[in-house]
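The lines below spell out each chain.
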Amino acid sequence: MNQPHTTTKQQRTILTLIYRFRFVSTKHVQQALGIKHITNVQPRLDLLVKRNLIGRNYDGYLRLAGLPASYYLLPEGMAALKQFDPDVNKAVLHNVYKDKSAQEWFINHCLMVADVSHELTRLYGDDMEFFTPSEVKEYSYFPKPLPHAYIVVDDSERSEADPLHFFVELCEDSVQPFIHQKRVLEYVEYAEANEWQTETDTKLPHVLLICESDSLRRKLTKVTDKALENSFQNDLVFRLVTKEGIASIFEPKEKPGNP
């Protein structure tokens, strides 16, 4: 019989964060724990590594390139996670077992998703909810393949049937153009099926394409414009930005006293 894992509140926060994003870096943990100085985060991660709850990727190449280490769940960490959160998705945990041997492109992709969440949380705090594929996998009415994230922004001026929400896709320069085009067409087909609207009684989320470069953003704008021209769906909206331009998508609430 497996012995129960004793974990602190901070350790449970770290394990849950890694479960959500699959791979995280020190800065993501710093934000999740609300720790002012990043140097105070490392000992907490080192302890979890020592207890074999999490693994660490940090080879000579990353060190020479000045890139951060990435952290992922190990089987002992998954067991601890299930003890304090019995509702974790078993299918997600099954995939997590592969993370020890994950390829570099997948690790970088997961870190990019975590970076987007990190930036939006910095900008909007509790006014924004960020859901990863791990958290929406159980909902059958989400697009397949799952979006890289689903975001809901609090806006008291909007009705319950018309929330400010987005499916998020990270579009990287290294990906072949036809793959981006295929994904756009998949969203058109999904929108035309009206599955989201039927299941949730809310308007279809906008599709937010976060592009690695402005060059890619311009190319994909042509792709989305053409796809919408050929579509019978009037509710589908594509929004395209670079990672640096994420803040421009949302309309920050005016602070009291502003004109």
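Only a predicted model underlies this, so the values are computations on that prediction, with no experimental measurement involved.

As a further point, take the overall build of the chain. Within the chain, the regular secondary structure consists of eleven helices and seven strands. Taking 18 Å as the expected radius of gyration for a compact globule of 259 residues, we find that the chain reaches 20 Å, a close match to that expectation. Referenced to the eigenvectors of the C-alpha coordinate spread, the extents of the chain come out at roughly 55 × 45 × 40 Å. When the 259 residues of the chain are sorted by exposure, 44% land in the buried category. Here the chain has roughly 15,000 Å² of accessible surface; of this, 50% comes from carbon and sulfur atoms.

On to the sheet that holds strand E7 (residues 238–242). Read across the open sheet, the five strands follow the order E3-E4-E5-E6-E7; overall the sheet is mixed. Strand pairing shows two members of the sheet lacking a second neighbour, strand E3 (128–131) and E7, which therefore form its edges. This sheet shows a mean twist of 25° between the axes of neighbouring strands, independent of strand direction. When strand E5 (residues 164–171) meets strand E6 (residues 206–211), the two strands line up parallel, connected through six bridges. Bridge pairing in E6 places Val168 opposite Leu208. Lying on the sheet, helix H9 (residues 177–193) is in contact with E5, E6 and E7; it crosses E5 at an angle near 155°. Across the sheet, helix H11 (residues 214–229) lies against E5, E6 and E7, angled at about 175° from E7, the strand it touches most.

With that out of the way, let us pick up the pattern of salt bridges. Tallied over the entire structure, the rule returns twelve salt bridges. Among the ionic contacts, a cluster of salt bridges with common partners joins Glu169, Lys182, Arg183 and Glu186.

In total, this model carries 17 aromatic pairs according to the counting rule given. With a centroid separation of 5.3 Å and 90° between ring planes, the pair formed by Phe167 and Trp196 is classed as edge-to-face. Of this pair, Phe167 sits in strand E5 while Trp196 sits in helix H10 (residues 195–200), and the two are 29 residues apart along the sequence. Relative accessible area serves as the criterion here: at 3%, Trp196 is assigned to the buried category. Through pairs of rings, three or more aromatic residues link up here, namely Phe131, Tyr139, Tyr141, Phe142, Tyr150, Phe167, Tyr187, Tyr190 and Trp196.

Before going further, it helps to spend a moment on the packing of helix H1 (residues 9–21) against helix H5 (residues 75–84). Close contact between H1 and H5 brings their axes to 10 Å; oriented N to C, the two are set at 110°. One finds that H1 runs roughly perpendicular with respect to H5. Together, Arg12, Leu15, Thr16 and Tyr19 of H1 and Gly77, Ala80, Leu81 and Phe84 of H5 make up the contact between the two elements. Classifying every residue of the contact of H1 with H5 by side-chain character gives five nonpolar, two polar and one charged.

Turning our attention to the side chain of Thr132. With respect to the secondary-structure elements, Thr132 resides in the loop between E3 and helix H8 (133–136). Exposure remark for Thr132: the relative accessible area of 1% places this residue in the buried category. Polar contacts involving the side chain of Thr132 include one to the main-chain carbonyl oxygen of Arg20, which spans 2.7 Å. The contact partners of Thr132, leaving out residues within four places of it in the chain, are Arg20 and Phe21.

Time to look at the environment of Glu160. The residue Glu160 is located in the loop between strand E4 (149–153) and E5 in this model. Look at Glu160 and you get exposed, because its relative accessible area is 77%. C-alpha of Glu160 to C-alpha of Glu172: the two residues are twelve residues apart in sequence and 33 Å apart in space.

Let us look at the confidence of the model for the chain. Should the pLDDT be low somewhere, the predicted coordinates at that spot are not to be read in detail. With 92% of its residues at a pLDDT of 70 or more, the chain has an overall mean of 89. Note that residues 252–259 has pLDDT below 50 and, in this model, five contacts with residues that lie over four places away or in other chains.

Definitions and cut-offs
Residues numbered from 1 in each chain as written. Predicted model: local features only at pLDDT ≥ 70, side-chain atom pairs only at ≥ 80, totals over all residues. Heavy atoms only, no water. Helix = DSSP H or I, 4+ residues; strand = E, 2+ residues; numbered from the N terminus. Rg over C-alpha atoms; globule rule 2.2 N^0.38 Å. Buried < 20%, exposed > 50% of the residue type's maximum accessible area, 1.4 Å probe, protein only. Areas by Shrake-Rupley, 256 points an atom, 1.4 Å probe, with all protein chains shown as cover. Pairing = 2+ DSSP bridges. Axes fitted to C-alpha atoms, helices over the stretch in contact; angles between N-to-C directions. Contact = heavy atoms within 4.5 Å. Salt bridge = Lys/Arg side-chain N within 4 Å of Asp/Glu carboxyl O. Phe/Tyr/Trp six-rings, centres within 6.5 Å; stacked < 30°, edge-to-face > 60°. Parallel < 35°, antiparallel > 145°, perpendicular 65-115°, else oblique. Nonpolar A, V, L, I, M, F, W, Y, C, P; charged D, E, K, R; others polar. Polar contact = N/O pair within 3.5 Å; in protein donor to acceptor, adjacent residues only side chain to side chain. pLDDT = per-residue confidence, 0-100.

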